[in-house]
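Listed here are the chains, written in short residue letters.
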Amino acid sequence: MKKIHIILLVSIAAAIAVLITFLRTTTTYDTVETAMNKPGRFVHLMARWDRSQPLEYDAIKNPNYLSFTAVDTMGKSVKVIYHNPKPENFEISDRLVLKGKYENGLFNCDGIQTKCPSKYKDDKKNAEKSIQQASGSATGNPDTKY
Amino acid sequence: MNYLDEHLLPGQLGRFFIVLSLVASLVATFAYFKTVRSKNDIDGGYWKKLARYAFIVELLSVFTIFGLLFYIISHHLFEYKYAWQHSSRQLEPKYLLACFWEGQEGSFLLWSIWHCVLGLILIKTAKKWEAPVMTVISFAQFCIASMIVGVYLFGEKIGSNPFVLIRDSGFLDTTPIAHVGMDVNGPIRPDYLRLPFMQDGNDLNVLLQNYWMVIHPPVLFMGFASTIVPFSFAFAGLWKKNFGEWTKPALPWALFSAAVLGVGIMMGAAWAYESLSFGGYWAWDPVENASLVPWLILIAGIHTLLIYKHTGHSLRTTHLFFILSFGFVLYSTFLTRTGILGDTSVHAFTGEGKSLFYHLQLFMGLSLIPAFVLYFINYKDIPSIKQEESGSSREFWMFIGSLVFFLSAIVIIGKTSLPVLNKIMSSLSGFLPFKFLKQAIAPPEDPEFAYNQIQIFVAIIIAVLTGLTQYLKYKNTSSKFFWKQVLVPLILSAVAATLVLAFGDVTYYHPRGGYGFLAAIWMGIACSVYAVVANAAYIWIGLKGKLKLSGGSIAHVGFGLVLLGILLSSSKKEILSYNTSGISIPFDATSKEKTGENLTLVKGVKNDMGRYWVTYENDEQHPVKKEKWFFNIHFQRKDGKEEFMLRPSAYIKVKGNEGIQPEPDSRHYLDHDVFVYLTALPAPEKNKDTASFSPRTVSVGDTIFYTNGFMIVDRVMANPSDEKYHYSRSDTALVANITVFSKQGTRYHLRPVFYVKNNQANYILDTALSQNLIVAFTQVTLDKKVVLQVKESNSVMKYVTMKAYKFPFINVLWLGIIITALGILISMVRRIQLNRSSKTGP
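The model shown is predicted, which means the values in this text are computed figures rather than measured ones.

(A) Focus on the environment of B:Lys128. Residue and element names in this part refer to chain B. Relative to the elements of secondary structure, Lys128 occurs in the loop between helix H5 (104-125) and helix H6 (130-147). When the 12 C-beta atoms within 10 Å are taken as the criterion, Lys128 is described as exposed. Spatially, the C-alpha atom of Lys128 lies 9.6 Å from that of Val36, the residues being 92 residues apart in sequence.

Listed below in structure tokens is the structure:
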């Protein structure tokens, strides 16, 4: 066996080992229920902002504190704390990916990914929405003959 | 039905030329194929002529399509969906081209255009390789043309046509107002173009309205497109069973591709740095990874090709690498365009849906399966040298380097492909035996670190290898020769690296990586210093200062600088905006004592931020883009040596987007950048003022209390003329000088004015912004008391929340990239010259 073959085998083994180790560090997508079942474990919580519950954010008082209630598709909710400014598209996002840990009755969030029905992300839906909004205002237009 | 105001001609022409380009590329593919397969030159000549004509027709069609689409966008013909969706009337002309690459169809078109240009050059220069190489390229052109043809075949939509009319696109289907009789089942009304919402387009994504976005996509796509050339040469070699000879013409192409793709990727990084607000230039985002991986493999391929040229080793590997680098270009297109990345990417690309998903898979299959089949059939016949490479030879270590690059690419793409793995697993879930295999896998807690902890070692190995290997000779190197040459640069760089580490103060600490990771960073810095020094020294020691010959070494110097720049800028990145502003910070009980990384600045109030005093002075609206606002943040160094203004900006309330879209600003120094972006602004709805004025009648010297302190009326002046007000004796104006004392101990001076003009009483209000306080001076009573109106409002408070970083040595990275690209291009020119002289020679 040539030494190049040995090196080849060793490095390929190393690459595979790296990928397997990587798979061990991966996390899971969770609902509120399953996230609560593994407190202290880092998870990706798929939920949305519960608009009926109060949201706390005041940039003047503390720009690094956001708290709100997240509710998942099963209807279960949890209070979320996030130590960063409120994400840009928070209000209009219809889905949130909350990265963090459930601890002591709270979901401590390190990162929020907002999924918006915005034009970059969901072209068609949004365009339709904006057309409807526009046409809504157009209905009152006296020039409308049809 | 006749619709009013429509311009149908450009669209009809466009559709015609798309079909023409599709047919012409198919003809070109077939004719080139026949040229390769023809037994004699007369037949072959005939087919080749036909193929060339077909290709030229295709080229002209693609350019015409591009021109027509540009006409539609620049003339605001919103009856076309593409123009409505991606542009608007107020879009600045310089961004018109950027509309092309916001959409799927436009970027395929761009890719196609580059293939055309490259194909034209190949027809001119490839000689006997023209036919097989152009067969592959014409076929790829056919595949790309099919992406924009937009027809239904057996109920499946094939491609997406950029010339589709908005009334045919389904956009209006659910909008009653756009239909006759307000009935969505009825036909579209003839004057739909006169409806208010059809008067302007949806506009270009504001993130793309940036000068980098005018130039980054064309360069990146040229890089992507050009990887097909080395691939086609390798394919042609396998097909014609003419192994190895193709490497000569392919090498300059591979170098070209590496330079352009590398620059294209890093232009994207520069764009991210300048206009995105994640505070950096690289985030190991799937989209970034997907473009980096083909580049890494291409570089590996170039190195194995050089090994083959000099020693005859590694030809099989070279084939594999060139096939894979093109393969991964297709794979990256698949990842980024079909929406499969889903939740793992911050870039969310629109998926064109199911049809594109399979369409791209088909493209990948049709290009790669024949290549791999040919590769494995011919594997045994591809010449290779049985004898083992010597451990002291250059080729041995070059091969190790290429292998490390390749494996690093595989690891990166493996990690990036998690969503693909999830997709495969979920489609197999019925057959899977274990429950844990069925659960979707999410990225790790700290995905960036997962990449960094591995790639830092790749950086170390590669940095050392680029330096050392230059000093080895092909085949065999005597140890005396080696040590004599390698010693000086080794000592030099040891000194330089010691200096950098001693004074660089790299004390990065990652909670997961700990001190081991810090040690690896130190090692990486030392090794990249070595790569720079050793390669620069080799230009003199090994190549006697002949720059024409030293493209490789120059590129390596550049790459060393890139590594150094990455390591220094990321490990020494500092957050400047720790909240020290005294305004706030009652950290609540649940807080994990995380000092805030974001600082809120109230307009007009000086804030303490590390070594600076910062003040949010005012804001300005962009002259053309009304939604864009610039915020002037004044920086003053505490030692008084310097003051400057940074103007981070934000798009506020862009269409369909309630939040803000910030754009950073940075101040560049030779050795670092100060980088600022906005993270929050007051919500506009909060600015509705509900508080009202309450009158207070006071004499000079009296005190008025308000929620957060008190104020004293110091004196009342008649017709003052000073820096703020300029009244003359003929005016009737009274100014009240008031000092406000807040509970926090801050003082403000207010000077509201009461004046009479044309027998009418007028007032000029004055405000203490940070105290939410407005005072008006409205009356003087007969007993010489003054009536002040005091209002405490929640709307006057104008503030911005921002994040500021210090990026040290970012310029080392940018410089490194320019040098790398320059080095690669120098060797490309040299290889072209060598090829020419070997052809004209005996």
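(B) Just the sheet that holds strand E22 (residues 773-780) of chain B, in detail. Residues and elements named next belong to chain B. Spatially, E14-E23-E22-E21 is the arrangement adopted by the 4 strands of the open sheet, whose pairing is antiparallel. The sheet is open, and its two edges are formed by strand E14 (694-698) and strand E21 (766-768), each paired on a single side. Geometrically, the sheet is characterised by an average inter-axis angle of 30° between neighbouring strands, direction not taken into account. The pairing of E21 with E22 spans 3 bridges and is antiparallel. Bridge assignment links Thr767 to a residue of E22, and that residue is Ile774.

(C) Broad picture of the pairing of strand E12 (residues 665-668) of chain B. All names here are of chain B. Relative to strand E13 (residues 672-680), E12 is paired through 4 bridges, and the arrangement is antiparallel. Along E13, the bridge assignment pairs Arg667 with Val674. Between E12 and E13, which follow one another and run antiparallel, lie 3 residues.

(D) Focus on the domain arrangement of chain B. Residue and element names in this part refer to chain B. Splitting chain B by domain gives domain 1 (1-209), domain 2 (231-443), domain 3 (451-572 + 809-842), domain 4 (602-682) and domain 5 (696-797). A separation of 28 Å is found between the C-alpha centroids of domain 1 and domain 2. Between domain 1 and domain 2, the residue contacts involve 15 residues of the former and 18 residues of the latter. It is H6 that provides the largest number of residues to the side of domain 1 that touches domain 2, a total of 7 residues. Looking at the side of domain 1 that touches domain 2 residue by residue, the classes come out as 11 nonpolar, 2 polar and 2 charged.

(E) Structural context of the environment of B:Glu102. All names here are of chain B. Checked against the element boundaries, Glu102 lands in helix H4 (residues 98-102). Put simply, Glu102 and Pro443 are 341 residues apart on the chain and 27 Å apart in space, counted from C-alpha to C-alpha. Beyond its immediate chain neighbours, meaning those up to four positions away, Glu102 contacts His86, Leu204, Asn205 and Leu208.

(F) Representation of unusual backbone geometry within the structure. All names here are of chain B. A positive phi angle, close to 50°, is found at Lys127, a residue other than glycine. Structurally, Lys127 can be placed in the loop between H5 and H6. Its 10 C-beta neighbours within 10 Å are what place Lys127 among the exposed residues. Phi at Phe809 is positive, roughly 55°, even though this residue is not glycine. For Phe809, the location among the structural elements is in the loop between strand E24 (799-808) and helix H19 (810-840). Phe809 sits in the buried class, given 22 other C-beta atoms within 10 Å.

Each value, and the rule that gives it
Residues numbered from 1 in each chain as written. Chains lettered and ligands numbered in written order. Predicted model: local features only at pLDDT ≥ 70, side-chain atom pairs only at ≥ 80, totals over all residues. Helix = DSSP H or I, 4+ residues; strand = E, 2+ residues; numbered from the N terminus. Buried ≥ 20, exposed ≤ 12 C-beta atoms within 10 Å, placed from the backbone. Pairing = 2+ DSSP bridges. Axes fitted to C-alpha atoms, helices over the stretch in contact; angles between N-to-C directions. Domains from an automatic or database assignment. Contact = placed C-beta atoms within 7 Å. Nonpolar A, V, L, I, M, F, W, Y, C, P; charged D, E, K, R; others polar.

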